[in-house]
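# Observations on chain architecture
As a plain string of letters, each chain reads:
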Amino acid sequence: MLNMEPVLNYLPENQTSNKRKAQDILNDISHDVTSKRTNLTTCDTSCDSSHDITSHRLGLEFYDQPCIMLAKSLLGKTLVRILDDGSRLSGKIVETEGYLGVEDTAAHSYNGRKTERNMAMFMTPATSYVYLIYGMYSCLNVSSKGEGCCVLLRALQPLEGLETMTAHRSKRRKDTSKPLKPKDLCSGPGKLTEALNINKTLLDKKDLSTDTMMWIESGDSVDAAEIVACPRIGIDYATPEWVAKPLRFYIKGNSCVSKRDKKAESD
């Protein structure tokens, strides 16, 4: 409350009623200012919480489930990447593959094989596993429940930062005469990591439930009827049994999927 007693004392003694009226008016003004300050503080707090990076982040309990379940559950969720300048890139996960650890002849962890390269596969669920293929393309995986198990993120539907994603993808393109279509920005495991600037040096062995540079948010729920299950891609080195297993999952009808399996879609 404003204290105006020193000023009011200059009024003549015979104007006591005027003193009281003036003090009442000042009290009303003081109350109004205090109320507005409170509202501004509330607004600031609300605005800050709306940008809280943990508000929609998936917690550790989400990742702590069997590999196949996690691979399906990740469909529709949002992968978020924060760059050094603070800008945010994101995409809806539309395609995944499950790698079932020590029994899976297509997995890097087959037979319990542990190396510095694949150590993330044996770490706590929610750990990122980033590795290089063909000496130039990174692949992003996340560990699940089960020894040496992980899920490969194969494709995203771009949501935020498409201009930056395009710039990242254009660095290695020889023919830039034709602009990249949004659906082609992240339609493959190497494409999505390039678009979001994800590499082993920066983002391997990160806890996606707490990391500040990359995480996954709740996103959309995908009905089981919308999920196509089919054999994985590029694992000819595995035994025939594991090559044939339907461990690739994608959202039916989504144009950002790396490759459709029409036979699986018709079954």
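Note that the structure is predicted; figures quoted are calculated from it, not measured.

### With respect to the overall build of the protein
The helix and strand inventory of the protein stands at nine helices and eight strands. Looking at the protein as a whole, 42% of its 267 residues qualify as buried.

### Observations concerning helix α5 (residues 162-170)
Within the span of α5, buried status applies to Met-165, His-168 and Arg-169. Projected down its long axis, α5 carries its buried residues within an arc of 95°, all on one side. The elements touched by buried residues of α5 are β2 (88-100), β5 (149-160) and α6 (189-195).

### Considerations on the nonpolar core
Tyr-63, Leu-74, Leu-79, Cys-186, Leu-196, Ile-198 and Ile-216 are the most contacted members of the largest nonpolar core, which has 59 residues in total. Per-element tally for this core: the top contributor is β5, with seven residues. Ignoring sequence-local partners within four residues, the contact set of Leu-74 consists of Phe-62, Ile-93, Thr-96, Val-142, Val-151, Leu-153 and Ile-216.

### Quick look at the confidence of the model for the protein
Residues at a pLDDT of 70 or more form 79% of the protein, whose mean pLDDT is 86. In this model, residues 6-12 is a region of pLDDT below 50 whose contacts with residues beyond four sequence positions or in other chains number six contacts. Per-residue pLDDT stays below 50 along residues 29-52; that stretch engages in two contacts with residues further than four places along the chain or on separate chains.

### Here we look at the environment of Ser-73
The topology assignment puts Ser-73 in helix α4 (residues 67-73). What makes Ser-73 partly exposed here is its relative accessible area of 22%. It is 8.7 Å that separates the C-alpha atoms of Ser-73 and Phe-62, two residues lying 11 residues apart in sequence. Not counting residues up to four positions away in its chain, the partners in contact with Ser-73 are Phe-62 and Gln-65.

### Regarding unusual backbone geometry
Even without being glycine, Tyr-134 reaches a positive phi, approximately 55°. Residue classification places Tyr-134 among the exposed positions, given a relative accessible area of 75%. Unusually for a residue other than glycine, Asn-197 sits at a positive phi of about 55°. Tracing the sequence through the fold places Asn-197 in the loop between α6 and α7 (200-203).

### Quick word on the environment of Arg-260
Looking at the element boundaries, Arg-260 is found in the loop between β8 (248-251) and α9 (262-266). Taking the C-alpha atoms as reference points, Arg-260 and Tyr-250, 10 residues apart in sequence, are found 8.6 Å from one another. Aside from chain neighbours lying at most four places away, what touches Arg-260 is Arg-248, Tyr-250 and Glu-265. Engagement of the side chain of Arg-260 in a polar contact is seen with the side chain of Glu-265, the distance being 2.8 Å.

### Structural notes on the pairing of strand β1 (residues 78-82)
Among the five residues of β1, five are classified as buried, and the element is accordingly described as predominantly covered. Side chains Thr-78, Val-80 and Ile-82 project from β1 onto one buried face, and the interleaved Leu-79 and Arg-81 project onto a second face that is buried too. Hairpin connection, β1 to β2: the antiparallel pair is bridged by five residues, and Gly-86 has positive phi, about 90°. Direction of pairing for β1 relative to strand β6 (residues 214-217): antiparallel, over a ladder of four bridges. The residue of β6 that forms the bridge with Val-80 is Trp-215.

Conventions adopted
Residues numbered from 1 in each chain as written. Predicted model: local features only at pLDDT ≥ 70, side-chain atom pairs only at ≥ 80, totals over all residues. Heavy atoms only, no water. Helix = DSSP H or I, 4+ residues; strand = E, 2+ residues; numbered from the N terminus. Buried < 20%, exposed > 50% of the residue type's maximum accessible area, 1.4 Å probe, protein only. Arc of directions from axis to C-beta. Contact = heavy atoms within 4.5 Å. Core = buried A, V, L, I, M, F, W, Y, C linked by side-chain atoms within 4.5 Å. pLDDT = per-residue confidence, 0-100. Polar contact = N/O pair within 3.5 Å; in protein donor to acceptor, adjacent residues only side chain to side chain. Pairing = 2+ DSSP bridges.

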